[in-house]
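Residues per chain are reported as follows:
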Amino acid sequence: MSFDAVNFNAGQALALARKTFEIEAAAVQGLAGRVGPEFARAVELMLTCRGRVVVMGMGKSGHIGRKIAATLASTGTPAMFVHPAEASHGDLGMITGQDVVLAISNSGESEELTSILPVLSRQGVPLVAITGGLQSALAKQARVTLDSSVAQEACPLNLAPTASTTAQLALGDALAVALLDARGFREEDFARSHPGGALGRKLLTHVSDVMRSGDAVPKVGPDTSFTELMREMSAKGLGASAVVDAQQRVLGIFTDGDLRRLVEKGVDLRSSRAGDVMHAHPRTVRPDALAVEAVELMEQFRITSVLVVDDAGVLCGALNTNDLMRAKVI
């Protein structure tokens, strides 16, 4: 088949795009009117199973099945995808009587899928079907059947799976959402299964994970000369220094901003001590606080550095906005 750019009709392409959206939107909207007790039964089967939800499907339905399995797994429902053809050649051993199978087929007559249904039945594996063929072999074998039928495909030839796969995907998403709600799945749970994502970093990263500690924390005593205070700040590169007593309890902080303000006022700093120029009672954060809490503290009080202290007020770390940016918390 050849393509002639001269015959390309941009207007027709846009019209078909809009028509596709209309057909697929109607397919999804149609599901809302058909969802009922069968859907609730499917959710209950998956919720109470002691194993995993095993998703199966051939062709385009298989691609949809892989996505549904991934969504279920990431929202608190143990799930995996098993290819029906591979199942016939050994992968059925992955499925146990404690699992629930979610089989997806628009026609419900996919040979690779229907050929393994008797084996699943003998194992006592509950079967949930997503299909447009309500009188199909798949529907008849299923304990629960979810109707994914559509009036037409978006394909102009009414052949390529388009609206039907959109309906399957929407049903899978609906199952995942209902299950996560029933399990009491929270943001923290989602973060644990997505540690590399932005939400995971925000909800799993603690101040102790990103703070500077030990010799990397700039600190001086209250009697330290201003010159030594500046040397400590320059050497540690935090943009600030803690001022601590003999027990390492925080007395105050001195920052680059404090220096600029003193210079603008014309204060003679040569004879000053750290205790004279420090900002007393600075904002602090605990090491077990979430790093995002440190971000909120900095934003609220418009500061770029914060000291980390324990319950007794003893200095145990420090961090600034650069540290949080490197950790991708902000």
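Residues numbered from 1 in each chain as written. Predicted model: local features only at pLDDT ≥ 70, side-chain atom pairs only at ≥ 80, totals over all residues. Heavy atoms only, no water.

**Student:** With reference to specific residues and values, describe the pattern of salt bridges.
**Tutor:** For the structure shown, the criterion picks out 13 salt bridges. Residue E38 pairs with R41 through a salt bridge whose shortest N-O separation is 3.0 Å. Of this pair, E38 and R41 both sit in helix α2 (residues 37–48), three residues apart, which is roughly one turn of that helix. Its relative accessible area of 31% is what places E38 among the partly exposed residues. Judged by relative accessible area, R41 falls into the partly exposed class, the value being 37%. Here K67 ties to D173 by a salt bridge, and the two come within 2.7 Å at their closest N and O atoms. Taken together, the residues span a long stretch of sequence, with K67 in helix α3 (residues 59–74) and D173 in helix α8 (residues 163–182) at a distance of 106 residues. Taking relative accessible area as the criterion, K67 reaches 35% and is therefore assigned partly exposed. For D173, a relative accessible area of 27% puts it in the partly exposed group. (Salt bridge = Lys/Arg side-chain N within 4 Å of Asp/Glu carboxyl O. Helix = DSSP H or I, 4+ residues; strand = E, 2+ residues; numbered from the N terminus. Buried < 20%, exposed > 50% of the residue type's maximum accessible area, 1.4 Å probe, protein only.)

**Student:** Requested: an account of the sheet that holds strand β1 (residues 53–57), with residues and values cited.
**Tutor:** Strand order in the open sheet made by the five strands is β2-β1-β3-β4-β5, with parallel pairing throughout. Of all the strands in the sheet, just β2 (79–81) and β5 (144–147) have a single pairing partner and so form its edges. Within this sheet the neighbouring strands show an average axis-to-axis angle of 20 degrees, counted without direction. Across three bridges, β1 lies against β2 in parallel orientation. Paired with V53 across the bridge in β2 is A79. (Pairing = 2+ DSSP bridges. Axes fitted to C-alpha atoms, helices over the stretch in contact; angles between N-to-C directions.)

**Student:** I'd love a proper account of the nonpolar core, names of residues and values included.
**Tutor:** With 27 residues, the main nonpolar core has M46, V55, L72, L102, V128, L146 and L175 as its most contacted residues. Elements with a contribution of two residues or more to this core: α2, β1, α3, β2, β3 (100–105), β4 (127–131), β5 and α8. With residues up to four places along the chain from it excluded, the contact list for L72 reads V53, V55, T77, A79, A176 and L179. Formed by 18 residues, the second largest nonpolar core is a distinct cluster that contains A103, L113, I116 and L127. (Core = buried A, V, L, I, M, F, W, Y, C linked by side-chain atoms within 4.5 Å. Contact = heavy atoms within 4.5 Å.)

**Student:** So what's going on with the environment of R260? Which residues, and what values?
**Tutor:** Along the chain, R260 falls in helix α13 (residues 256–265). On a C-alpha basis, the gap between R260 and T114 in space is 77 Å, while along the polypeptide they are 146 residues apart.

**Student:** How would you explain the pairing of β3 if you had to name every residue and give the values?
**Tutor:** Among the six residues in β3, six count as buried, and that is most of the element. Of the two faces of β3, the one holding V100, L102 and I104 and the one holding V101, A103 and S105 are both buried throughout. Two elements, β1 and β3, share five bridges in a ladder whose sense is parallel. Its bridge partner being in β3, M56 is matched across the sheet by A103.

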